[in-house]
Amino acid sequence: MAPRLQLEKAVWRWVESVKPEDIGQEHMELAYRISLPACKRGTCRRNCKGNPNCLVGIGEQTWLGEIDENVFHNIDDPNSERREKNTFVGLTNLGATCYVNTFLQVWFHNLELRRSLYQCYNSHAQEHDTESDYEPQSICEHLQYLFALLQNSNRKYIDPSGLVKALGLDTGQQQDAQEFSKLFLSLLEDTLSKQKNPTLQNVIQQQFCGQFFYVTVCNQCGRSSALPSRFYELELNIQGHKNLAGCVTEFLKDEKLDGDNRYFCESCHSKQNATRRIRLHSLPPTLNLQLMRFIFDRQTGHKKKLNTYISFPEQLDMAPFLEVTKDQKCVYELSAVLIHRGISAYSGHYIAHVKDAHTCDWYKFNDEEIERMEGKKLQLGTEEEIAETVKSQTRKPKCSKGYHCSRNAYMLVYKIQEEENLDASKTTVQVPEFLQRLVDQDNHKFEEWCSEMADMRKQSVDKGKAKHEEVKELYELLPARDGEPYEFIPLYWLKKWLDDSTATKKIDNLDFLCFHGKLHPDKVGDAKRVSQKAGQVLYERYGGGPRLDGSTLCRECVGQRCRVLRLKRQLNEDHKEVSNLVKRTVSCEGYWVGKTSLRSWKQLALEQLEKDEHESKTSNGQSNGKGRDANSSQDCGPELSEGNEEEMKMFNEDLVCSHGGLSILDTERKLVSSEVWTKLRTYFPKAQEFTQDQGPCPQCLTLEQEEKDNEAVSKMMALDQKNQLLNLFHEKNRPILTKWPEVDTDILYVVPLFFVDEWRKFIRRPTKSSPVSNVGNSLLVCTHGGFMFTYDSLINGDTRHIALLWPSEWEVISKLFIVDQPISIHCFKQTTPTGPTTKYTTQPVSLPGKMTQKKLRRKATKH
């Protein structure tokens, strides 16, 4: 048995020896568990719900002792959102936009591009009123504002959603990063070409655009032709290569043109075998090298990623790959490495390693997080740790000094090597005043937010500290000492009071009240007994009620529970005694008891006791304030619904007639002695009492006599009708149309078969069936007043709907029943030149229509 059930049983054990009228104060305190020992801290793993004196495990452990003030709020330190000194600003990942963030960081660190963007004319920003939020209109305006925030914002990271939305990108789907780079630079080039400032129109070409020639040599005549082409990045195949130099060499290698791919030579005037190669002519200041890691797999029909290690230098000399190096700077320095983490071409994460042009330090840009590399060298570190795809993974090759190896790098950015001791103006870019004004506006909003968050944190901390002091003070006052005044407080309210995450509401005790407006004894397990002093403080601070002190212990409820429990224990013994007593002959005063009630009185008593017990547990002060006994009308009201009349609900209800008197069915009752009746009344105090001398209900006797008289009349009526229509009743000597008029009559009468069937039922059982009064021939007449059948249709089967009568039978029926419409069939014999013929007519005239047995029955029922 569960501990709470054991406790419930123990606190009511005293009822075995105490009658309800003998209940004293000590029994009241036992029922309300006043004297149960209070639990000490450390002895209970959880709160003892059945013990109102247990105040352990209700949430107090959080407040007792020293508390870190951070537990009083769930607001992060706003300064954690602040940009640290000498660091860069990150970009928020909007879902799957990490690839966009990496390119934006790389382009931001291209000082020439940033400087040029700042010079773009932007009347919208220059005329903006700082009273409202700035909303860029064009791609160029978005990029301007974004770069200005990345440079001078006080935030740790900023939201690029404005630019992403302007580009029409799906934030939930990862795009092809290399394709995005091409398209964005092309879009930016087109935007800048429309600027009025001529120095800005060719910024993209000046920074990223180089030139090569497709050189084709005819193998037949040796003629050479060169086709110039611009490029913004070199797309290098990495399959089968280990280093960058090998990839560039393959990019420039000769390609044979033969077979279907032969070259049309203008000198030979025909297609000839030829050799084609790419000849680098000029290189841009910023050289973008795309490592083609994402290729199309012909076997699967999908893209896949090549996780091949490629080594690349920090310093790249492109002179060996240029045919003309005169007046060209050919030495480049690594400035950025774009990394794709993951083994699939369709998922993964993008980060960028970028070199700061001002300090030459390397930084890792991972969306909102930015990390400065130790020293001055690039450190790819964990970026090369990808999931194992095969059992044997290629080991990372050893890299020479000045080289790096990567199987995740997909783009390398090299910048032309500058002379040492450059002018500081070339490594710094100033934000224009009109953009700085917008940045200051955003920084002001950020500082206001930080201040607001700090105030909210402080308010929460101050409130928590005050609550801490309150709890420490009041928890010591909560325990009620023996002999001192006390009050009951709901356990759920105390838990909420000690739970700082929820607002403390008023104390609500309505659910703890019984019918009598006092504390219900079965609710005390969900309440806690506290000292009156502590209760006074709690009610003064939080309000509520009604207050439940020692004077609200309900003697009526305890007495009722005592009576129910005692009766339940006594029930088995009384049942045996009653079973023996009813076998004896009643020699003196007796009482009538229904036989059904007597057979099932034990079950009825048990059900009623359990019902009383359940209602006493679930009742509260919002009820009507009146108890309900075993046979009150409230008990039986909802249960005696339609369809359940025969089910026994109350003791002795099987003796009571509809008028509230003793039933006239003497076979359904039994006479019991006064001793038996006294015991039964103990369990059913409201059961209706009928003494031996009390006679049956006079109204029922009168009705019974009337019923007998009516039955006699019905029998006489049935016998008389049967004698007058004997052949019709026995279905003897009935008219048959196919043999008529061979018999001596030229007229037959028609009635509905339904009428004959109902009449025969009455003749057979006159006391059980109602007498027939109306023939109901209107059933066979249509709405136009005509007979619904013809002679021919009757011959062909429609006679199943009617009964044919002889004229003598019709005469009797016309006298015994109401005839609404006479219907007859007439036979006329005529002599014609061809011989004698017979003609048949109906009265009323036949107006044939379709009449089925189902329709006729429905019509008859309605009639």
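Just so it is clear, the structure is predicted and the values come from calculations on it, not from any experiment. (Residues numbered from 1 in each chain as written. Predicted model: local features only at pLDDT ≥ 70, side-chain atom pairs only at ≥ 80, totals over all residues. Heavy atoms only, no water.)

Draft legend 1. Just the state of the cysteines, in detail. Counting across every chain of the model gives 1 disulfide. What pairs with cysteine 399 in a disulfide is cysteine 405, and their sulfur atoms sit 2.0 Å apart. With relative accessibility at 32%, the residue cysteine 399 sits in the partly exposed group. What makes cysteine 405 buried here is its relative accessible area of 5%. (Disulfide = S-S within 2.5 Å. Buried < 20%, exposed > 50% of the residue type's maximum accessible area, 1.4 Å probe, protein only.)

Draft legend 2. Highlighting helix α3 (residues 98-108). Where burial is concerned, most of α3 is hidden: 11 out of the 11 residues are buried. Listing the buried residues of α3 in full gives Cys98, Tyr99, Val100, Asn101, Thr102, Phe103, Leu104, Gln105, Val106, Trp107 and Phe108. (Helix = DSSP H or I, 4+ residues; strand = E, 2+ residues; numbered from the N terminus.)

Draft legend 3. Layout of the pairing of strand β17 (residues 362-366). Taken across its 5 residues, β17 has 5 buried, putting it largely inside the fold. Burial along β17 is two-sided: the residues Trp362, Lys364 and Asn366 and Tyr363 and Phe365 are all buried. When strand β16 (residues 349-355) meets β17, the two strands line up antiparallel, connected through 4 bridges. Bridged to lysine 355 within β17 is tryptophan 362. Here β17 runs beside strand β18 (residues 369-372); their pairing, made up of 4 bridges, is antiparallel. Looking across to β18, one finds that tyrosine 363 is bridged to arginine 372. Between β17 and β18, which pair antiparallel one after the other, the connecting turn spans 2 residues, and aspartate 367 there sits at a positive phi close to 55°. (Pairing = 2+ DSSP bridges.)

Draft legend 4. Representation of the side chain of serine 824 in the model. Here serine 824 is to be found in strand β30 (residues 824-832). In terms of polar contacts, serine 824 uses its side chain to reach the side chain of histidine 826, at 2.9 Å. Beyond its immediate chain neighbours, meaning those up to four positions away, serine 824 contacts Ile747, Leu748, Tyr749, Thr841, Thr842 and Gln843. (Polar contact = N/O pair within 3.5 Å; in protein donor to acceptor, adjacent residues only side chain to side chain. Contact = heavy atoms within 4.5 Å.)

Draft legend 5. Up close: the nonpolar core. Ranked by size, the top nonpolar core spans 57 residues in total, and within it Trp107, Leu117 and Leu338 carry the most contacts. Here this core gets 9 residues from one element, more than from any other, and that element is helix α6 (residues 139-152). Aside from chain neighbours lying at most four places away, what touches leucine 338 is Thr102, Phe103, Val106, Ile351, Ala352, Asn408, Ala409, Tyr410, Met411 and Val413. Formed by 38 residues, the second largest nonpolar core is a distinct cluster that contains Met318, Leu322, Cys330 and Tyr414. (Core = buried A, V, L, I, M, F, W, Y, C linked by side-chain atoms within 4.5 Å.)

Draft legend 6. Structural view of the confidence of the model for the chain. On average, the chain scores 83 in pLDDT, and the residues at 70 or more come to 89%. Within the chain, strand β1 (residues 90-91) carries the highest mean pLDDT (94), whereas helix α18 (residues 633-636) carries the lowest (36). Low pLDDT (under 50) marks residues 387-392, which in the prediction has 3 contacts with non-local residues, meaning those over four places away or in another chain. The low-confidence segment residues 621-646, where pLDDT is below 50, has 36 contacts with residues more than four positions distant or belonging to other chains. (pLDDT = per-residue confidence, 0-100.)

Draft legend 7. Structural view of the sheet that holds strand β21 (residues 486-490). Pairing is antiparallel in the open sheet, where 3 strands are placed in the order β23-β21-β25. Among the strands making up the open sheet, the edge pair consists of β23 (527-531) and β25 (548-549). In this sheet, β23 lies alongside β21 in antiparallel orientation, the contact comprising 5 bridges. Following the sheet pairing, glutamate 487 is matched in β23 by valine 530. Those strands touched by helix α14 (residues 532-542) are β21 and β23, and its axis lies near 50° from that of β21. (Axes fitted to C-alpha atoms, helices over the stretch in contact; angles between N-to-C directions.)

Draft legend 8. Structural context of the pattern of salt bridges. Tallied over the entire structure, the rule returns 24 salt bridges. Glutamate 487 is the salt-bridge partner of arginine 547, the closest N and O atoms lying 2.4 Å from each other. With arginine 547 in the loop between β24 (544-545) and β25 and glutamate 487 in strand β21, this residue pair connects regions lying 60 residues apart in the sequence. On the basis of relative accessibility, which here comes to 2%, the residue glutamate 487 falls in the buried class. For lysine 679, the salt bridge identified is with glutamate 577, shortest N-O distance 3.4 Å. Taken together, the residues lysine 679 in helix α19 (residues 674-683) and glutamate 577 in helix α15 (residues 555-581) connect sequence positions 102 residues apart. When salt bridges that share partners are traced, they join Arg277, Arg279 and Glu323 into one network. (Salt bridge = Lys/Arg side-chain N within 4 Å of Asp/Glu carboxyl O.)

Draft legend 9. Layout of the pairing of β16. By the criterion of burial, β16 is predominantly enclosed, with 5 of the 7 residues buried. Pairing of strand β15 (residues 331-341) with β16 involves 6 bridges; the strand directions are antiparallel. From the neighbouring strand, histidine 340 faces β16, where its bridge partner is tyrosine 350.

Draft legend 10. Broad picture of the environment of proline 822. On the secondary structure map, proline 822 appears in the loop between α24 (807-816) and β30. Separated by 22 residues in sequence, proline 822 and proline 844 place their C-alpha atoms 8.2 Å apart. Filtering out sequence-adjacent residues up to four positions away, proline 822 remains in contact with Asn777, Trp810, Gln843 and Pro844.

Draft legend 11. Focus on the packing of helix α4 (residues 111-118) against α6. Two numbers describe how α4 lies on α6: the axes approach to 9 Å, and their chain directions differ by 120°. By the criterion of interaxial angle, the relationship of α4 to α6 is oblique. Considering how the two elements wind past one another, α4 and α6 form a crossing that is left-handed. Note on element contacts: α6 touches α4 through Cys140, Leu143, Gln144, Phe147, Ala148 and Gln151, opposite Arg114, Leu117 and Tyr118. In terms of residue class, the contact of α4 with α6 is made up of 6 nonpolar, 2 polar and 1 charged. (Parallel < 35°, antiparallel > 145°, perpendicular 65-115°, else oblique. Left-handed = near helix turned anticlockwise from the far one by under 90°. Nonpolar A, V, L, I, M, F, W, Y, C, P; charged D, E, K, R; others polar.)

Draft legend 12. Representation of unusual backbone geometry in the model. Residue proline 546 follows glycine 545 across a cis peptide bond; omega there is -5°. In this structure, proline 546 sits in the loop between β24 and β25. Here the bond from glutamine 843 into proline 844 is cis, since omega is 0°, no more than 30 degrees from zero. Within the secondary structure, proline 844 sits in the loop between β31 (835-843) and α25 (853-862). Although it is not a glycine, asparagine 86 adopts a positive phi angle of roughly 60°. Using a relative accessible area of 65% as the deciding quantity, one classes asparagine 86 as exposed. One non-glycine residue with positive phi stands out, namely glutamate 731, at about 60°. Checked against the element boundaries, glutamate 731 lands in the loop between α21 (726-730) and β28 (747-752). Glutamate 731 gets classed as exposed once you look at its relative accessible area, which sits at 55%.

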